[in-house]
Amino acid sequence: MNVITFISVLTLIIAGIFHFYWAFGGTFGLDKVIPTKNGKVLLNPGKFLTIIVGFVLLSFAVIAYILNFEDLSIFSYSKQIVYIGWFLSALFAIRSIGDFNMVGLFKKIKSTKFAEFDTKYFIPLTSFWSMTFALLSYQV
């Protein structure tokens, strides 16, 4: 496994684990990952949705791991896995660009703790994941 894939898989697993931690009552870092405006929470995902996001992030890590193999012919759905890789690349690129309001490069709300962490960490991370999935999908 190359270094870029390893870092992507590792960070996707860590992000998934954090979602399980938050779903089961953890509070560390929670104030930095939920968008707010004037002290009011703009997004309030429930326990079930947070668990689903955790599983989705772990499945993204598995896709990145599978795409790392040079010969995908050992997998019965190799063509679909490559399409999923391109889809995930686009998905993370869209997340990096944002919704032009709360998240991403062109967000309007810039003075909150979430906005600060989005700019410093989440945009670079999702951009990295986007480029990783594009590279992994292209090399196959």
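Every value quoted in this text rests on a predicted model; they were computed, and no experiment measured them.

Q: Explanation requested: the overall build of the protein chain in the structure shown.
A: Broken down by element type, the protein chain carries 5 helices and 2 strands. In terms of overall size, the protein chain behaves like a compact globule, its C-alpha atoms giving a radius of gyration of 16 Å where 140 residues would be expected to give roughly 14 Å. Across the 140 residues that make up the protein chain, the buried fraction comes to 37%. A sequence separation of at least 24 residues applies to 64% of the contacts in the protein chain between residues at least 6 apart.

Q: In this structure, what is going on with the packing of helix α3 (residues 47–67) against helix α5 (residues 113–139)? I would like to understand it.
A: In a pair of packed helices, the angle between the axes and the distance between the axes together describe the arrangement. Following both chains from N to C, one finds α3 and α5 inclined at 40°, their axes separated by 9 Å at the closest point. Note on packing geometry: the crossing formed by α3 with α5 is left-handed. Across the interface between the two elements, Phe-60, Ile-63, Ala-64 and Leu-67 of α3 pack against Phe-133, Leu-136, Ser-137 and Gln-139 of α5.

Q: When you look at the pattern of salt bridges in this model, what are you seeing that I'm missing?
A: Side chains carrying opposite charge are able to pair once their charged atoms draw close together. By the definition in use, this model includes 4 salt bridges. Notably, a salt bridge pairs Arg-95 with Asp-118, separated by 2.6 Å at the nearest N-O pair. Taken as a pair, Arg-95 in helix α4 (residues 78–97) and Asp-118 in helix α5 lie far apart in primary sequence, 23 residues in all. Arg-95 gets classed as partly exposed once you look at its relative accessible area, which sits at 24%. Accessibility expressed as a relative area gives 0% for Asp-118, which makes it buried. A salt bridge links Lys-120 to Glu-116, with the nearest nitrogen and oxygen atoms 3.4 Å apart. With Lys-120 and Glu-116 both in helix α5 and 4 residues apart, the pair spans about one turn of that helix. Its relative accessible area of 32% is what places Glu-116 among the partly exposed residues.

Q: What is the right way to read the environment of Lys-79 from this model?
A: Its place among the elements puts Lys-79 in helix α4. Spatially, the C-alpha atom of Lys-79 lies 25 Å from that of Ile-52, the residues being 27 residues apart in sequence.

Q: Teacher, can you tell me more about the packing of aromatic side chains here?
A: Centre distance and the angle of the planes are the two values used to describe a pair of aromatic rings. Per the counting criterion, the structure on display carries 11 aromatic pairs. A centroid spacing of 5.7 Å and a plane angle of 90° characterise the contact between Phe-60 and Phe-92, whose relative ring orientation is edge-to-face. Taken as a pair, Phe-60 in helix α3 and Phe-92 in helix α4 lie far apart in primary sequence, 32 residues in all. Overall, the relative accessible area of 13% leaves Phe-60 in the buried class. Taking relative accessible area as the criterion, Phe-92 reaches 6% and is therefore assigned buried. Measuring from centroid to centroid gives 5.6 Å for Phe-100 and Phe-106, while their planes differ by 15°, and the two rings are stacked. Classification of Phe-106 by relative accessible area gives partly exposed; the value is 47%.

Q: Can you help me understand a nonpolar patch on the surface in this one?
A: A cluster of nonpolar residues, Val-3, Phe-6, Ile-7, Leu-10, Ile-14, Phe-18, Tyr-21 and Phe-28, forms a patch on the protein surface that exposes about 760 Å² of accessible area. For Leu-10, the position within the fold is in helix α1 (residues 3–23). Assessed through its relative accessible area of 40%, Leu-10 is described here as partly exposed.

Q: How do you make sense of the packing of α4 against α5 when you look at a structure like this?
A: As a packed pair, α4 and α5 sit with axes 8 Å apart at the nearest point and diverge in direction by 155°. The angle between the axes of α4 and α5 places the two elements in the roughly antiparallel class. For the crossing formed where α4 meets α5, the hand is left-handed. Contacts between α4 and α5 involve Val-82, Gly-85, Trp-86, Leu-88, Ser-89, Phe-92, Ala-93, Arg-95 and Ser-96 from the first element and Phe-114, Asp-118, Phe-122, Ile-123, Thr-126, Ser-127, Trp-129, Ser-130, Phe-133, Ala-134, Ser-137 and Tyr-138 from the second.

Scoring rules and cut-offs
- Residues numbered from 1 in each chain as written.
- Predicted model: local features only at pLDDT ≥ 70, side-chain atom pairs only at ≥ 80, totals over all residues.
- Heavy atoms only, no water.
- Helix = DSSP H or I, 4+ residues; strand = E, 2+ residues; numbered from the N terminus.
- Rg over C-alpha atoms; globule rule 2.2 N^0.38 Å.
- Buried < 20%, exposed > 50% of the residue type's maximum accessible area, 1.4 Å probe, protein only.
- Contact = heavy atoms within 4.5 Å.
- Axes fitted to C-alpha atoms, helices over the stretch in contact; angles between N-to-C directions.
- Left-handed = near helix turned anticlockwise from the far one by under 90°.
- Salt bridge = Lys/Arg side-chain N within 4 Å of Asp/Glu carboxyl O.
- Phe/Tyr/Trp six-rings, centres within 6.5 Å; stacked < 30°, edge-to-face > 60°.
- Patch = residues over 30% accessible without salt bridge, like charges linked within 9 Å, V, L, I, M, F, W, Y side chains within 5 Å.
- Areas by Shrake-Rupley, 256 points an atom, 1.4 Å probe, with all protein chains shown as cover.
- Parallel < 35°, antiparallel > 145°, perpendicular 65-115°, else oblique.

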